[in-house]
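Structure at a glance
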Amino acid sequence: MFGGPMHHARDTREEKAHDAGGAVRRLMAYFRPHRLALAAVGLMLLVGTLLQLAAPYLIGRAVDEFIVAGDRRGLAMTMLLLLGTYIGAWAMSYGQFYTMTVVGNKLLLRLREEIFRRVQALSLRFFDEHEAGDLMSRLTNDVDTIGQVLNVGLVQTLGSSLTIVGIVAAMLSLNWRLALATFVVLPFMFAASILLSGRARRAFRRTRRTIGSVSADLEENISGVRVAQAFAREDENIERFDELNRANRDANVSAQGIVAAFSPTLDVLSTVGLAIVVGYGGYLALRTPPLATVGILVSFIVYVRRFFQPIQQLAQLYAQLQSALAGAERIFELVDTLPDLEDRPAAVEMPSIEGRVVFQDVSFHYKEGEPVLRDVSLVAEPGQTVALVGPTGAGKTTMVNLIGRFYDVDEGAVLVDGRDVRDVTRASLRAQMGVVLQDTFLFSGTITDNIRYGRLDATDEEVVEAAKLANAHAFISRLPEGYQTELSEQGRNLSQGQRQLISISRAILADPRLLILDEATSSVDTRTELLIQRALERLLQGRTSFVIAHRLSTIRNADQLLVLEGGRIVERATGTPERSAHEQLLDRGGAYYQLYTRQFRPDERARAARPAGDDGHRVEAVPAQ
């Protein structure tokens, strides 16, 4: 239930270019609540950079003023001062990274919360069209990539940029001639950066998309491993996963290959810069009068090495930055996705539901041009049980989806107690609805937690009472930990029937006014089916219920029976004290008769369809298994 057509095709085309600047501005907005911490980081960056820049100057001064003059005391004091600058620079660096780690993780916490809130707010139509694995990849892989940059990369980027600016200023102040000669290599560096940046960003966008496809396929195959093994599809699944994995590998190799070009380019430029300092600096020092001292030459050599070091760090960080930007774009794309279903501005709280449900000429489609429901009308009075039957794809599940406004009708209206479901808040409507699905979903936690999911303020005694009404108490009591038994993923350490009984317990505890049962007794053995049916009889009492069933023997006592084919109601009957809706439709010999008799063995069909005998009872057969 609660699902539309699934789309599993994976788009491997290249994405168009996105706004990297916009992604950066969006990320920066998350730092606003942490202005004081960022100011402290900025101050530590400035102080730490100044201390680092002071070191080469002190070395040059030691050469010119103390080593040449043989001043040991002055040299010792300069070395102590140099040691102090290194210790101070270390302290500033530690403070920067620690503070940014705290701020970065707070930002990631907020980012994950926003993504999760958005995912919770999106309608079922969105999940019909997007793979769960890709959404999980955005919440985990993409956020983690941003976290790596925020926790470490951002401080290194700012520190390296500030260091470059400081070194340029220091070199110009020491000897502008030698500084300008050294800067000859900068245009080549910028040209290489511009040439490779665009290609790298597109490549990293591909890596984020392909890892999303890998995650989606992995999640799908882990969830469906039993089906895959049952149909011996392991080899085909492995082949498909290998294809997606290879695509991700190729995208990463391509991206890292582009980034790898930075390092050797910078190594060459660094060597050229040192050669210029030594050659041209030596020439200036040997002139008469000299235009540079030996100390200045030594300082320049240290500065040049320091100058290219932050540039190399930026090159190494470039991969993380580009990957983080690509991940940020994917995250903000999800965060900016608007739900196609929202409460209207004038929506009101749904009052306590009495249970009258009306479909007025309802039409609906998932895909344009492919209608699922056509001009459907019905009236369910409070307390009635309405059974929906028909072949797969007839529109049964879609009808009950519209009651809870999981989708909006295209034409017509769905009314609950005379109110259009579009005019009330979804939360107030769904809070008074209960659902029991064919594929029961149980959450991690104890059995008590799962039953209490229907009403979080319920006491333990109320949980036990609900389980007793659902015929679940007996098997729960036999478990080693009883109601405190921890369930594995989706409750797979219980049988299908046991999971269904817990689901019914959950619905009983919630005490809904509207109840949806979607194939609640399928896929269980006959004995468990009998237990479930008895539990459902208690659950249905006094509630307006819509029951979808393929086992037609389970809905013989329904107040209304609707037969759907091709999105239309082709047969319907309302029970009377004299004859049930089930008997009326059988007597007509139409679509319901065909569906009903088709479920029995050939030698039993005649008895199943035979008119009532002298005792006034119809002969029922055992459904074919």
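Just so it is clear, the structure is predicted and the values come from calculations on it, not from any experiment.

So, how was this worked out
Residues numbered from 1 in each chain as written. Predicted model: local features only at pLDDT ≥ 70, side-chain atom pairs only at ≥ 80, totals over all residues. Heavy atoms only, no water. Helix = DSSP H or I, 4+ residues; strand = E, 2+ residues; numbered from the N terminus. Buried < 20%, exposed > 50% of the residue type's maximum accessible area, 1.4 Å probe, protein only. Contact = heavy atoms within 4.5 Å. Areas by Shrake-Rupley, 256 points an atom, 1.4 Å probe, with all protein chains shown as cover. Salt bridge = Lys/Arg side-chain N within 4 Å of Asp/Glu carboxyl O. Axes fitted to C-alpha atoms, helices over the stretch in contact; angles between N-to-C directions. Parallel < 35°, antiparallel > 145°, perpendicular 65-115°, else oblique. Left-handed = near helix turned anticlockwise from the far one by under 90°. Nonpolar A, V, L, I, M, F, W, Y, C, P; charged D, E, K, R; others polar. Core = buried A, V, L, I, M, F, W, Y, C linked by side-chain atoms within 4.5 Å. pLDDT = per-residue confidence, 0-100. Expected span 1.5 Å × (residues − 1). Bend = angle between axes of the 7 residues up to and from the residue.

Digging into the overall build of the protein chain
- For the protein chain, the helix and strand inventory stands at 21 helices and 12 strands.
- Within the protein chain, buried positions represent 47% of all 625 residues.
- Sequence separation of at least 24 residues holds for 77% of the intrachain contacts in the protein chain that already meet a minimum separation of 6.
- Carbon and sulfur atoms provide 57% of the accessible area of the protein chain, an area that totals close to 31200 Å².

Here's the deal with the pattern of salt bridges
- Counted according to the given criterion, the structure contains 18 salt bridges.
- Among the ionic pairs, D250 bridges to R249, the shortest N-O distance being 3.0 Å.
- A residue is classified by how much of its surface remains accessible, and D250, at 43% relative accessible area, is partly exposed.

Some words on the environment of E411
- Take E411: it is sitting in strand 4 (residues 411-416).
- On a C-alpha basis, the gap between E411 and V362 in space is 5.5 Å, while along the polypeptide they are 49 residues apart.
- In contact with E411, not counting residues within four places along its chain, are D361, V362 and S363.

So, unusual backbone geometry
- At D361, a position not held by glycine, the phi torsion is positive, near 50°.
- By the element assignment, D361 lies in strand 1 (residues 357-367).
- By relative accessible area, which is 48% here, D361 ends up partly exposed.
- Look at D511: it is not a glycine, yet its phi comes out positive at around 55°.
- Turning to its location among the elements, D511 is positioned in the loop between helix 17 (496-510) and strand 9 (514-518).

What about the packing of helix 15 (residues 460-469) against helix 17?
- Close contact between helix 15 and helix 17 brings their axes to 8 Å; oriented N to C, the two are set at 120°. Relative to helix 17, the element helix 15 lies oblique. Crossing angle aside, the handedness with which helix 15 passes helix 17 is right-handed. Seen from helix 15, the contacting residues are E462, V463, A466, A467 and L469; seen from helix 17, they are S505, I508 and L509.
- Considering only residue class, the contact of helix 15 with helix 17 consists of 6 nonpolar, 1 polar and 1 charged.

Section: the nonpolar core
- With 43 residues, the main nonpolar core has I451, L539 and Y592 as its most contacted residues.
- Contacts of L539, omitting those with residues within four sequence positions, involve V436, I504, A507, I508, L515 and L517.
- Formed by 36 residues, the second largest nonpolar core is a distinct cluster that contains L373, M433, I548 and L562.

A short note on the packing of helix 2 (residues 35-67) against helix 3 (residues 72-121)
- Relative orientation of the contacting elements helix 2 and helix 3 amounts to 160°, with a least axis distance of 8 Å. Looking at the two axes, helix 2 sits roughly antiparallel to helix 3. At the point where helix 2 passes helix 3, the crossing takes the left-handed sense.
- A class-by-class count of the residues in the contact of helix 2 with helix 3 yields 22 nonpolar, 9 polar and no charged.

Quick notes on the confidence of the model for the protein chain
- Mean pLDDT over the protein chain: 79, with 86% of residues reaching 70 or higher.
- Here residues 1-17 is a poorly scored stretch, pLDDT under 50, and it has 48 contacts once near neighbours within four places are set aside; other chains count.

So, helix 2
- For helix 2, which comprises 33 residues, the first-to-last C-alpha distance of 46 Å matches the rise-based estimate of 48 Å (1.5 Å per residue) to within 8%.
- The largest bend along helix 2 reaches roughly 25° and is located at R61.

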